[in-house]
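# Results of the structural survey
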Amino acid sequence: MATFPVSENVGKMKGSSTLLAAQAAAEMRARGIDVIDLSVGEPDFDTPEFIKKYAWEGMEKGLTKYTATAGLADFRNAITEFYSRQFGADVDLAEVAASCGGKQALFNAACTLLNPGDDVLIPKPYWVTFPEIVTFCRANSVFIETEETDFVLTADQVAAAITDKTKLLILNSPSNPSGRVVPSEEMRKIVEVCAAREVYVLTDECYLFFAYPPAKPFSLAVLPPDLRKFVCIAGSFSKTYAMTGWRVGYTIASIEWTKAMIKLQSHSATHPTSFVQYACAKALRDTDASMNAVAAMTTEYEKRRDWFVPALNEINGFRCSMPEGAFYAFVDVRGVFGDRFQSSADVADELLKEAHIVVTDGKGFGADGFLRFSYATSMENLRQAIEKMRAIFGAKTRATA
Ligand SMILES: Cc1ncc(COP(=O)(O)O)c(C=O)c1O
């Protein structure tokens, strides 16, 4: 039988390695095995009740039809007000477009800028989707190594990587998978370095609010117009408000870039669900309720991080820098390499088979030798996971931990 002639653009893309880990967990569960799933990339909280009520209210008000491709003006206005209130940023309505999640925002931004053969800088470790979007656009991913600076990108690293072929840099801080946060001053310097060479910056603010003190949420929306014209912000409601299934995000970019993204989206998803846009606008304006919900989740993630990361560091052969944001610990497991394990995939496999713990191999994030542990799960799960890993690898004595 003839095989389906998948297009070259899609044929060259790789499937998501994070989804592979989720699949492994689902298969084990289907066989009746109790798994501890530390591979999840979504909050373990439900969407706050008040947002659900606003969605219902939107339906009752008849918001069940098409909206403008860019989204409801009311929703986009609520975003501009939000960035002004939270960060003191001056964002124009015409610079905002609604999208179906942060992922579509990223796709829209890349597809409207990149031409075949353009170079795109991506710091390692990266979120799995970044290089695949670049591949889809027939552009080239050029990776920046950041292990030397403990996975925190610097302006010097960016400056050294830019060439005449560089068109775009993709940033993600707080980062998935490392949880590391680039300090705000360094973020500014990075954009300055890029703007000076006419390199655009696509910044994924998916984990914007999950920054733990002393780290603070910081948005590139605050940059002055001469720098911001090179920047596209890809925002998402998925993680911030525990709304992964609602599929709502947005872009903030120059008016020209935004127009191009709206044109592209008019021929694909059109816009995110009408009553969801209504609910998000209401939620953003219900500042106390939304910020309290975000603070409650952030406090809980921080509590888990504070217990889990030191406990990981006490396991023989494991090493993990303290993540300042998101809900991931990115652990260097090269310390257990030897006869028994030759790669992080071997370690992940052992955890799955011997301890029924599901984690994500760092290779998919461009960092072989590392494993990503999500702590978007209960303390009880984290405690059990640590106990089981101690049984397999042993624990360091306090003095060496
Ligand atoms: C870094 C990063 N960006 C974007 C997304 C996509 O989020 P959304 O659900 O808004 O498409 C994710 C989801 O895992 C992510 O980790």
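All residue numbers refer to positions counted from 1 along the written sequence of the respective chain. Under the rules for a predicted model, residues below a pLDDT of 70 receive no local features and side-chain atom pairs below 80 are neither given nor counted, while totals for whole chains, interfaces and linings still include all residues. Neither water nor hydrogens contribute to the side-chain values; these are computed over all heavy atoms in the structure.

### Remarks on the site of the ligand
It suffices for a single heavy atom of a residue to lie within 4 Å of a molecule or strand for the residue to be listed as near it. Neighbouring the ligand are 13 residues, the closest being G102, D204, S236, S238 and K239. A distance of 2.6 Å separates an oxygen atom of the ligand from a polar backbone atom of G102. The contact in question runs from an oxygen atom of the ligand to an N or O atom on the side chain of Y207, over 2.9 Å. No other element matches helix α5 (residues 101–111), which puts three residues into the shell around the ligand. Here a polar contact is recorded for every N or O atom pair within 3.5 Å, except that within protein the pair must consist of a potential hydrogen donor and a potential acceptor, and residues adjacent in sequence are included only if both atoms are side-chain atoms. Starting at the N terminus, helices and strands are each numbered in turn, a helix being any DSSP run of H or I of at least four residues and a strand any DSSP run of E of at least two.

### Some details on the sheet that holds strand β9 (residues 328–332)
Pairing between strands requires that DSSP locate at least two bridges from one strand to the other. One open sheet accounts for three strands, arranged β9-β12-β11; its pairing is antiparallel. One side of each edge strand has no neighbouring strand; the edge strands of this open sheet are β9 and β11 (360–361). Where β11 meets strand β12 (residues 370–374), two bridges bridge the pair, whose relative direction is antiparallel. Paired with D361 across the two strands is L371, which belongs to β12. What makes two residues a contact is simply this: any of their non-hydrogen atoms within 4.5 Å. What counts as an axis is a line fitted to C-alpha atoms, over the stretch in contact for a helix, and the angles between N-to-C directions run from 0 to 180 degrees. Each of β11 and β12 is contacted by helix α13 (residues 344–355), which is oriented at about 40 degrees to β12, the strand it contacts most.

### Notes on helix α3 (residues 49–60)
With 12 residues, α3 extends 17 Å from end C-alpha to end C-alpha; this agrees with the ideal 16 Å at 1.5 Å per step. Phi turns positive, to about 90 degrees, at G62, one or two residues after α3. The span one expects for a helix is its residue count, reduced by one, times 1.5 Å.

### What to know about the domain arrangement of the chain
Interface extent is often summarised as the accessible area lost during association of the parts. Segmentation of the chain into domains, including their bounds, is taken from an automatic or database domain assignment. For the chain, the assigned domains are domain 1 (8–46 + 290–392) and domain 2 (62–288). Centre-to-centre, using C-alpha coordinates, domain 1 lies 25 Å away from domain 2. Contact residues are listed per partner, giving 41 residues for domain 1 and 41 residues for domain 2. Accessible area, probed at 1.4 Å, shrinks when two parts are joined; the buried area is that loss added up over both. In total, about 3400 Å² of surface goes out of reach between domain 1 and domain 2, with carbon and sulfur atoms giving 57% of it. On the domain 1 side of the contact with domain 2, S290, M291 and E324 bury the most area, a combined 18% of that side's loss. Salt bridges, as used here, are contacts in which a Lys or Arg side-chain nitrogen is within 4 Å of a carboxyl oxygen on Asp or Glu. Where domain 1 touches domain 2, the interface holds four salt bridges. Where E132 meets K14, a salt bridge forms, and the shortest distance between an N and an O atom there is 3.9 Å. Linking domain 1 to domain 2 there are 24 residue pairs in polar contact (both at pLDDT 80 or more). Put simply, the parts of the chain that give the side of domain 1 that touches domain 2 at least two residues each are α1 (8–11), α2 (17–30), α12 (287–313), β9 and β12. Broken down by element, the residue count for the side of domain 1 that touches domain 2 peaks at nine residues, all from α12. The classification used treats Ala, Val, Leu, Ile, Met, Phe, Trp, Tyr, Cys and Pro as nonpolar, Asp, Glu, Lys and Arg as charged, and all other residues, Gly among them, as polar. Within the side of domain 1 that touches domain 2, the residues separate by chemical class into 18 nonpolar, 12 polar and 11 charged.

### Some words on the sheet that holds strand β7 (residues 231–236)
Taken in spatial order, the seven strands of this open sheet run β2-β8-β7-β6-β5-β3-β4, and their pairing is mixed. Looking at strand neighbours, the two that pair on one side only are β2 (96–99) and β4 (140–144), the edges of this open sheet. Strand-to-strand, the axes of this sheet are offset by a mean angle of 20 degrees, without reference to chain direction. Note: β2 against strand β8 (residues 249–252), four bridges, orientation antiparallel. Within the sheet, the bridge partner assigned to S99 lies in β8 and is G249. Set on the sheet, helix α10 (residues 255–265) makes contact with β2, β6 (200–204), β7 and β8; between it and β2 the angle comes to about 25 degrees.

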